[in-house]
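Chains, contacts and geometry: an overview
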Amino acid sequence: MFAIVRTILVVLLSIFICIFGIVYCLFSPRNPRHVATFSRWFSYMSLLFGIQVEVRCPESVMLPRNCIYIANHQNNYDMVTAAYVVQPRTVTVGKKSLMRIPLFGLLYWLAGNLLIDRDNSARAYSTLIRIAQNIKRRNISIWMFPEGTRSRGRGLLPFKTGAFYTAIAANVPIVPICISNTSNKIKLNRWSNGLVIIEILQPIDTAGYSWEQVRGLTKHCWDLMKDKLDKLNSEVARRESLEH
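Residues numbered from 1 in each chain as written. Predicted model: local features only at pLDDT ≥ 70, side-chain atom pairs only at ≥ 80, totals over all residues. Heavy atoms only, no water.

This paragraph deals with the pairing of strand β6 (residues 174–179). Here β6 lies mainly inside the structure; six of its six residues are buried. Of the two faces of β6, the one holding Ile174, Pro176 and Cys178 and the one holding Val175, Ile177 and Ile179 are both buried throughout. Where strand β2 (residues 68–71) and β6 come together, four bridges link them in parallel fashion. Its bridge partner lying in β6, Ile68 is registered against Ile174. (Buried < 20%, exposed > 50% of the residue type's maximum accessible area, 1.4 Å probe, protein only. Helix = DSSP H or I, 4+ residues; strand = E, 2+ residues; numbered from the N terminus. Pairing = 2+ DSSP bridges.)

Glancing now at the packing of helix α6 (residues 162–170) against helix α7 (residues 214–243). Contact geometry for α6 and α7: axes closest at 9 Å, N-to-C directions at 115°. The handedness of the crossing between α6 and α7 is right-handed. For the pair α6 and α7, contact is made by Phe164, Tyr165 and Ile168 and by Val214, Leu217, Thr218 and Cys221, respectively. Here the residues of the contact of α6 with α7 are counted per class, giving six nonpolar, one polar and no charged. (Axes fitted to C-alpha atoms, helices over the stretch in contact; angles between N-to-C directions. Left-handed = near helix turned anticlockwise from the far one by under 90°. Contact = heavy atoms within 4.5 Å. Nonpolar A, V, L, I, M, F, W, Y, C, P; charged D, E, K, R; others polar.)

Pairing is mixed across the open sheet formed by seven strands, whose spatial order is β1-β7-β6-β2-β5-β3-β4. In the strand order of this sheet, the two ends are held by β1 (52–56) and β4 (114–116), each with one partner. Pairs of neighbouring strands in the sheet enclose a mean axial angle of 20°, with direction left out of account. Looking at chain direction, strand β3 (residues 90–95) and β4 are connected through three bridges and run parallel. What sits directly across from Gly94, in β4, is Leu115. Of the strands in this sheet, β2, β5 (141–144) and β6 touch α6, which is tilted by about 160° from β2.

Laid out in structure tokens, this is it:
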């Protein structure tokens, strides 16, 4: 019964946010500041799912004005966890099929997010180069999931190189964001679904990398994130075991 009530509330809130957001964005369509605004609205639903989200951004981390944010992509709950840390004037890159989702697809586009055709490698590549050329001109940052698909409990999947080519082409840093495990963690019938830690890591300067070195940069970022995710997941498990 609790799962049914929770599901109904999530659906109703999602519809409300989408409809309100679409109307709001019509007054200034494709303005990149909308993405952080409505990401924050979706993040509030973490409370409804019974998730305690802890965000870490060490004082030593100075977020660049323009950069490529990369984060691990787990499942649909990223909508209410990763959304916590989407920074102002940051837009995400998603696949064109998102436009088929009723209401949400339209809001996603109107808010200023970017769509690429992942089934057409040549077109996706040219889109990423065009994005790179516009990052500083439009004063935006880009959020990408370099795994390219949801991991669904399989751990951190290998990274595709698109985000890293884009960072090198735009000459902007990469900022890794690590989100502790949510796979098989959230049960709709359970009131409390535990802790999720999100940590923003130190920016990685790409100025010293050429396009020929993109795979080395990709591996370096994967290694950093894998190590941090292992530590975050261990910490979450330890803290949750102490609470029971």
